[in-house]
Amino acid sequence: MKAVLMAGLAGLLFAVGLGIGGMTDPARVMGFLDVAGAWDPSLLFLMAGAVGTHAVLRRFVLRRPQPVLAPAFPKLAQTRVDRKLVGGAALFGIGWGLAGYCPGPALVSVAKGAPTVLLFVAAMLAGMSLFRGWESAMLRRKPLGPAAGGPPIGGPRAGEGERQHVGSTS
Amino acid sequence: MNPFLLSLLGGVLIGISASLLLLFNGRIAGVSGITAGIVTPASGDVAWRAAFVGGLVLGGALLAVFLPRALGAPVVSGVGVPVLAGLFVGFGSRLGGGCTSGHGVCGVARGATRSLVATSVFVATGMGTVFVMRHLMGGA
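Calculation notes
- Residues numbered from 1 in each chain as written.
- Chains lettered and ligands numbered in written order.
- Predicted model: local features only at pLDDT ≥ 70, side-chain atom pairs only at ≥ 80, totals over all residues.
- Helix = DSSP H or I, 4+ residues; strand = E, 2+ residues; numbered from the N terminus.
- Buried ≥ 20, exposed ≤ 12 C-beta atoms within 10 Å, placed from the backbone.
- Contact = placed C-beta atoms within 7 Å.
- Core = buried A, V, L, I, M, F, W, Y, C linked by C-beta atoms within 7 Å.
- Domains from an automatic or database assignment.
- Nonpolar A, V, L, I, M, F, W, Y, C, P; charged D, E, K, R; others polar.
- pLDDT = per-residue confidence, 0-100.
- Expected span 1.5 Å × (residues − 1).

**A short note on the overall build of chain A**
Of the regular secondary structure elements, chain A holds 7 helices and 0 strands. Each helix and strand of chain A, ordered N terminal to C terminal, gives the series α-α-α-α-α-α-α. When the 170 residues of chain A are sorted by exposure, 49% land in the buried category.

**Notes on the environment of A126 of chain A**
With respect to the helices and strands, the residue A126 of chain A is situated in helix α6 (residues 115-141). Ignoring any residue separated from it by four or fewer positions in sequence, one finds A126 of chain A in contact with L87 and G90 of chain B.

**As for the nonpolar core**
Residue and element names in this part refer to chain A. Core analysis: the largest hydrophobic core is formed by 86 residues, its most contacted members being A10 and F120. Per-element accounting of this core gives the leading share, 11 residues, to helix α1 (residues 2-21). Among the domains, domain 1 (2-61) and domain 2 (83-169) are the pair contributing at least three residues each to this core.

**Describing the domain arrangement of chain A**
Residue and element names in this part refer to chain A. Taken as a whole, chain A is organised into domain 1 (2-61) and domain 2 (83-169). The interface is formed by 10 residues belonging to domain 1 together with 8 residues belonging to domain 2. Counting only elements with at least two residues in the side of domain 1 that touches domain 2, the list comes to α1 and α2 (26-33). Of the residues that constitute the side of domain 1 that touches domain 2, the class distribution is 8 nonpolar, 2 polar and no charged.

**Let's talk about the confidence of the model for chain A**
All names here are of chain A. Per-chain confidence: chain A averages 86 in pLDDT, with 82% of residues scoring 70 or above. Within chain A, no element has a lower average pLDDT than helix α7 (residues 154-169), which sits at 39, and none a higher one than helix α5 (residues 103-109), at 98. For the stretch residues 147-170, pLDDT sits under 50, and the model shows 48 contacts to residues farther than four places along the chain or on other chains.

**Considerations on the environment of L87 of chain B**
When you line up the elements, L87 of chain B lands in helix α4 (residues 80-95). Dropping the residues within four chain positions of it, L87 of chain B is found in contact with A123, A126 and G127 of chain A.

**Let's talk about helix α3 (residues 46-66) of chain B**
For α3 of chain B, built from 21 residues, the straight-helix expectation of 30 Å at 1.5 Å per residue is met to within 8% by its first-to-last C-alpha distance of 30 Å. Of the surrounding secondary structure, the elements contacted by the buried residues of α3 of chain B are α1 and α5 of chain A together with α1 (3-25) and α2 (31-39) of chain B.

**Observations regarding the interface of chain A and chain B**
Residue-level contacts link 107 residues of chain A with 106 residues of chain B. Going through the elements one at a time, α1, α2, α3 (42-61), α4 (83-99), α5, α6 and α7 of chain A are the ones with two or more residues in the side of chain A that touches chain B. A per-element tally of the side of chain A that touches chain B places α1 of chain A first, with 18 residues.

**Points about helix α5 (residues 102-109) of chain B**
Residues and elements named next belong to chain B. Among the 8 residues of α5, 8 are classified as buried, and the element is accordingly described as predominantly covered. Along α5, the positions that sit buried rather than exposed are G102, H103, G104, V105, C106, G107, V108 and A109. Within two residues after α5, G111 carries a phi angle of roughly 75 degrees, on the positive side.

Structure, rendered in structure tokens:
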């Protein structure tokens, strides 16, 4: 229960940070992405503030043997860059540039109830489900063996492990 | 306050939030991954995910009351563009294993190569998309 409450508080603080920092204003996001127009670099400061703060604090956090309310810290050893990573990030960026929303700011903006935001969020959730369906279909098509591009159990397991990185890191 | 300082302050709050989630829950503050775990539940840990997303929405409600200009008006309209954008963001974030928070903040903060690459790629294609829409097609 405490863990659920803390997650809720973290979400709340995250939303306030996004709001104060300008990420929940799609015009600002578009201004940041519009390098050939009147470029607005202010969101670089948001990025720097978030990355810098987390880079320092996570070091202190990870000195603990375990999280306060959970059994273990996530294992995030994989650093392999593959086509899925690059292709997925490319698609993501196109969607981000089309509407000026990424997942966090879109969810924060739901509260305001603009039809465009609700449509975007519904489509985003559908896109996540579609990925799940596509992923299971791919795994069924090449279940085991060398065709999967790895050791026998490596096919599905590797995919799952990646999603784990994915699922728990993103 | 100066928009650069406000953005920096907002970023610091995001960094603190991500660190609190790691400290207490042992979780990475990646919004797309957290959300996807509710949409397609695989593990039995929906509660904390729902709470985090609930916190985001509640935070949005607080912003709407106390800082209404933070929630800017959408820059696109109609049905086609928002739906296409949402589908790309949802599918792409899962395929690429993260979004602006998971890769862009948490992954970059820990110096992960995957996240540095993903962040560079989505910022580049985002900029490319805006360039095409605004300067080649003259829309949006």
